[in-house]
Each structure stands twice: as C-alpha cells, then as structure tokens.
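Geometric and topological summary
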There are 2 protein chains.
Amino acid sequence: MHIFYTPLIIDGKCTLSEEESKHCVRVLRLANGDSVTLIDGSGGYYEAEIEDANPKRCTIAIKKKTENYGQRNYKIHIALAPTKNIDRTEWFVEKAVEMGIDTITPLICQRSERTSVNTDRLEKIILSAMKQSVKAYKPVLNPPTPFKKFVNEPRTGQKLIAHCIESDKVSLKSMVGNDSEYTVLIGPEGDFSPEEVELATQNGYQCVHLGPYRLRTETAGIAACHTINLIKQE
Amino acid sequence: MHIFYTPLIIDGKCTLSEEESKHCVRVLRLANGDSVTLIDGSGGYYEAEIEDANPKRCTIAIKKKTENYGQRNYKIHIALAPTKNIDRTEWFVEKAVEMGIDTITPLICQRSERTSVNTDRLEKIILSAMKQSVKAYKPVLNPPTPFKKFVNEPRTGQKLIAHCIESDKVSLKSMVGNDSEYTVLIGPEGDFSPEEVELATQNGYQCVHLGPYRLRTETAGIAACHTINLIKQE
C-alpha cells in the first residue's frame, strides 16, 4: 500500500506536493480510483483514493479517517551532538523515527565536531522514515541548540544525560518507569565535558550509562531511543 | 590510547601488519617506547610498548596481559538477510559489534534482494568497530548461508525468528531469560515467506516480534541485538 504525507486535508480532499504528485503518477504509475494511504503528521491516518492523477497536482479523496493512529502514552526527546560525518547523524534520525521518537534536537556542545546541520535534508529523512514505518505523528526536529541553553530550558518528565566520565551512574533502563516523558542528552565523539555534566546535574539531569561499552554518538542515540521504547511497550 | 588488532602474539612480542604498521608510524606518528593497547580477538587485552617503529613491520612488546577481557556469559547470533543497499548491512554490522555480538550470518532467503556480500569489507568493518569499542573477542562472520541449510543446522539455546506475518507471536524481549545462547533470524525487505516461517517452526524456532512497528531489515537486526544485550546486562 502506497503511503503519502499530506499535512493539509480540507473537506475530505487533499493535493499532493509537486514532488509527491510526480512520484505518484510517473514513478508509481497510480491512476484514478487507485487506493492509497495518507498520513497527516498529527495522528491522522486515512484510507483514500486518487481522484485526479495529475503529475503536478494529484488530488486525492478521503474514504476513511482514523484519528490518533499509533498514539503512544509516552514521549521521547533525544538531544544529540551532530557527528563530524553527517551520514551517522542521518542514520540515527532514520532509525529513531522507525523505532519511535517525538523530538530530536541537534545539541551543540563544547567538544562538538559539527555545529550546523542540513535541516531540509534531515526533514526529508524524517518524512521518508515516517512513511516507510507508517507513523502518523511527525517527529519534531528542533534547530541546533547550544548545550547551555538546552539544559536551562524548563522541561517535564525524566531528564537524563548519558556520558562516559568515570562516576556514579545508573543505567538508563533503570530510569524508565512510570514517567511519560523522557529527555536524553547524547554527547559528541569526545564526550561531554565535566563542566557540561555539572551544569546538567544542577538543572536536574540524572547521569546515566547505556551499558558497559563506549558507543559511538549515533549508536548511543539509538540505544537510548530503543531502550525507552522497549521498556514502555508491551 | 591507540588500539591495534594483533591475533598473533609470540613470546611476548608481535608485529603489526603492513597496513597497521604504516598507520601506526606514518599516520599516528607513534615512536619507540610509546604505549599502545592490543586486542587479539580471542579475549586477550594487552598493554604494550612499541619496540621498533618500522613503517612496514612495526614490532611491539607486551607489558601486561589481561585474559578473557570483556567476556560475557551469553552469546548472540544474528542471521540476517543482506540488504539490497549494502550500506545498510554494513551499518548493521558496525552497530552490532559496538553493542555486542558473537556471530553474524548473512542469510539468503526466498525473497532476498541480495545473495552475496563483500566478506573482506565486512571483516574490515568488524575489526574497525572492535578497536573503536574495545572488544577483545572478534565476532565471527559466517559465509552467506541459504535459509533452509541454516535452520536445519543443530543449534543450542533459544532459536527465534522475527517476522511480520500476522500470527501469534511473543515479543523477543519476553524470550530473553536464563538461556545463555540466542539465535535470531531477521528477514529481507519483503519479509520471510510463510514456507520459511513454517520450516523454521518445524526446526524449533519460536516466532517473535520486535515491537509494534515494521522495521527495516538492518534496524530489526539492531533492535534484536540491543534487546538481548540490554536484558542480559546488569
């Protein structure tokens, strides 16, 4: 079943973007009357039918709507330092969306190897992973945020910082319980600095580890995302 | 601390391969007397010192040996269908080694998009990930194996097949308990065929799911690997 992302649906109809129209009509060769699935990014999942297979402005008519599709009773926010090799961050974003994530923030740290990201490209990856894994809620991608600003922002739920400095740390898995919101900070290749860990702790972040091994940044991000999902799911 | 893979250590000394010697002397610019760490792939972890910084045949003298470094009381074997886009399989191999894996088998299935792999390249990725994540035991990479042959092979421990066909399945996490060996089969992009699932079941494989979402092959592989590691670790 072909899935399209259509954030704007009015009066039971929507029009695909030029890019998606072209993909729908020229590549997938769908035609009037063919069934498709739509996701609107806000929990809406629609069974629909192609009304006008125009390769630039393909219009689609809704047959059935399901609200709150795949809604979960917990939220995951991963704030992760963008990697020097941006492929690795892109892998993380794709895998995190597949597994289930609500918010991603590129975190600019003292030892960050990279201080900017190609937001358009990451958004494309998010949409593609949403469609592939049938997620009706679109994860939010925040702009790159300096560490100090991020930890000072008020935040509800469990606040956790994963780092490799030798110290007393509990496992992330032991911190996943009844809370419905989890924010996990993942540091750059050179880890968070002691000053950053101190600042986070002062702002209510609990230090955690992700197991016995030192993981790459993007692997740590996926381990954190998967840990919370695994424990919170049936 | 720089880490080198040296499977052959005789009388407290070893010689790096030409490639590693060049990397050691020309790139890292290490010299006589510099400290390095060695891993031998069989559980040996060595603190050592450069004896002769020859860029083609760098010799190293062992100062201290730790045996059974990082030995675990459980083993993980993931048999996974190689993906059409081989990058994705390479990504899986790297992440699985980081998280902890003992054996990887490329599994050739009925709906496989790819029936061969570049074994040399995957071995390089394994070694690189071992050094980066300080694993003293080298994971075994089996040759590509047809599904029927694989499931017919006698195997100890928990045998699990993860698939997306609608049926009664328990979660992988519920199957991780006191057993010390786990084999998990991960299917290709089009999933295992019903005949393959039937054959696996006849051979004692339990059907499992990896959560509520349909994951890409390589994502499923990492989810399975991480699930077992997470539950078996403290």
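Residues numbered from 1 in each chain as written. Chains lettered and ligands numbered in written order. Predicted model: local features only at pLDDT ≥ 70, side-chain atom pairs only at ≥ 80, totals over all residues. Heavy atoms only, no water.

Here the focus is the pairing of strand 4 (residues 45-52) of chain A. Residue and element names in this part refer to chain A. Bridge analysis of strand 3 (residues 35-39) against strand 4 gives five bridges, and the strand direction is antiparallel. Bridge pairing in strand 4 places Leu38 opposite Tyr46. Linking strand 3 back to strand 4 in an antiparallel pair, the connection comprises five residues, with Gly41 at a positive phi of about 85°. Bridge count for strand 4 against strand 5 (residues 59-66) is seven bridges, and the pairing is antiparallel. Its bridge partner lying in strand 5, Asp52 is registered against Thr59. (Pairing = 2+ DSSP bridges. Helix = DSSP H or I, 4+ residues; strand = E, 2+ residues; numbered from the N terminus.)

Right, let's talk about the side chain of Thr6 of chain A for a bit. For Thr6 of chain A, the location among the structural elements is in the loop between strand 1 (3-5) and strand 2 (13-15). Its relative accessible area of 3% is what places Thr6 of chain A among the buried residues. (Buried < 20%, exposed > 50% of the residue type's maximum accessible area, 1.4 Å probe, protein only.)

It is worth spelling out helix 1 (residues 18-27) of chain A at this point. Residues and elements named next belong to chain A. Of all the positions in helix 1, only Glu20, Ser21, Cys24 and Val25 are classed as buried. The arc that holds the buried residues of helix 1, viewed along the axis, is 115°, so those residues lie on one side. Across helix 1 from its buried face, at more than 90 degrees, point the exposed residues Glu18, Glu19, Lys22, Arg26 and Val27. On its buried side, helix 1 packs onto strand 1, strand 4 and helix 3 (119-133). Of the residues flanking the end of helix 1, it is Arg29, one or two places downstream, whose phi is positive at about 55°. (Arc of directions from axis to C-beta. Contact = heavy atoms within 4.5 Å.)

Another point: the relation of the copies chain B and chain A. Overlay of chain B on chain A (RMSD 0.0 Å): rotation 180°, translation along the axis 0.0 Å. What we have between these two chains is a two-fold relation. Of the residues that chain B buries at the interface, 97% are likewise interface residues in chain A, meaning the two copies contact each other through the same surface. (Least-squares fit on C-alpha atoms with pLDDT ≥ 70 in both.)

Bringing the interface of chain B and chain A into the picture now. Facing the 30 residues of chain B at the interface are 29 residues of chain A. Here chain B packs against chain A, burying approximately 2600 Å² in sum over the two surfaces, 56% of which is carbon and sulfur. Viewed at the interface, chain A and chain B are joined by six salt bridges. With a closest N to O distance of 2.8 Å, Arg88 of chain B and Glu94 of chain A form a salt bridge. Secondary structure elements with two or more residues in the side of chain B that touches chain A: helix 2 (86-99), helix 3 (119-133) and helix 6 (217-232) of chain B. Considered class by class, the residues forming the side of chain B that touches chain A number nine nonpolar, nine polar and 12 charged. (Buried area = accessible area lost by both parts, 1.4 Å probe. Salt bridge = Lys/Arg side-chain N within 4 Å of Asp/Glu carboxyl O. Nonpolar A, V, L, I, M, F, W, Y, C, P; charged D, E, K, R; others polar.)

What follows concerns the sheet that holds strand 1 of chain A. Picture the strands of a sheet paired through backbone hydrogen bonds; they go either parallel or antiparallel. All names here are of chain A. An order of 1-3-4-5-2 is seen for the five strands of this open sheet, with the pairing classed as mixed. At either end of the open sheet lies a strand with only one pairing partner, and these are strand 1 and strand 2. Ignoring which end each strand starts from, the neighbouring axes of this sheet average 40° apart. Relative to strand 5, strand 2 is paired through three bridges, and the arrangement is antiparallel. (Axes fitted to C-alpha atoms, helices over the stretch in contact; angles between N-to-C directions.)

Here the focus is the pattern of salt bridges. When charged atoms on two side chains of opposite charge get close, those side chains can pair. Evaluation of the coordinates by the stated rule reveals 32 salt bridges over all chains. Two residues, Arg88 of chain A and Glu218 of chain A, come together in a salt bridge whose shortest N-O distance is 2.6 Å. Here the residue Arg88 of chain A occupies a position in helix 2 (residues 86-99), and Glu218 of chain A occupies one in helix 6 (residues 217-232), the gap between them amounting to 130 residues. The exposure classification of Arg88 of chain A matches that of Glu218 of chain A, with both residues buried. Glu94 of chain A is the partner of Lys95 of chain A in a salt bridge, and the nearest nitrogen-oxygen pair spans 2.7 Å. Classification of Lys95 of chain A by relative accessible area gives buried; the value is 0%. The buried category is assigned to Glu94 of chain A, whose relative accessible area is 13%. Several salt bridges share partner residues, and in doing so they unite Arg88, Arg216 and Glu218 of chain A together with Glu94, Lys95 and Glu98 of chain B into one network.

This structure, assessed with the given rule, holds five aromatic pairs over all chains. Centroid distance Tyr45 of chain A to Tyr69 of chain A: 4.0 Å. Interplanar angle 15°. Geometry classified as stacked. One end of the pair, Tyr45 of chain A, is in strand 4; the other, Tyr69 of chain A, is in the loop between strand 5 and strand 6 (75-80), with 24 residues separating them in the sequence. Residue Tyr45 of chain A is classed as buried on the basis of its relative accessible area, which comes to 17%. Relative to Phe192 of chain B, the ring of Phe147 of chain B has its centre 5.4 Å away and its plane inclined at 55°; by these criteria the two rings are tilted. Taken as a pair, Phe147 of chain B in helix 4 (residues 147-152) and Phe192 of chain B in the loop between strand 12 (181-186) and helix 5 (194-202) lie far apart in primary sequence, 45 residues in all. Exposure class is identical for Phe147 of chain B and Phe192 of chain B. Each is buried. A cation over a ring is seen here: Arg155 of chain A above Phe150 of chain A, with NZ or CZ 3.9 Å from the ring centre. Between the NZ or CZ atom of Lys135 of chain B and the centre of the ring of Tyr213 of chain A, over which it lies, the distance is 3.7 Å. (Phe/Tyr/Trp six-rings, centres within 6.5 Å; stacked < 30°, edge-to-face > 60°. Lys NZ or Arg CZ within 6 Å of the ring centre and 35° of its normal.)

Residue and element names in this part refer to chain B. If you walk across this open sheet you meet the five strands as 1-3-4-5-2, and the pairing is mixed. Edge strands, defined here as strands with exactly one partner in the open sheet, are strand 1 (3-5) and strand 2 (13-15). In this sheet, adjacent strand axes meet at a mean angle of 40° when their direction is disregarded.

Let's shift gears to the confidence of the model for chain A. Close reading of the predicted structure is inappropriate where its pLDDT is low. Here chain A averages 96 in pLDDT, and 100% of its residues register 70 or above. Confidence metrics for the complex model read pTM 0.95 and ipTM 0.94. (pLDDT = per-residue confidence, 0-100.)

A word on unusual backbone geometry. In this structure, Asn68 of chain A takes a positive phi of about 50° despite not being glycine. Tracing the backbone through its elements, the reader meets Asn68 of chain A in the loop between strand 5 and strand 6. The partly exposed category is assigned to Asn68 of chain A, whose relative accessible area is 42%. The phi angle at Asp191 of chain B is positive, at roughly 75°, despite the residue not being glycine. Assignment of secondary structure puts Asp191 of chain B in the loop between strand 12 and helix 5.

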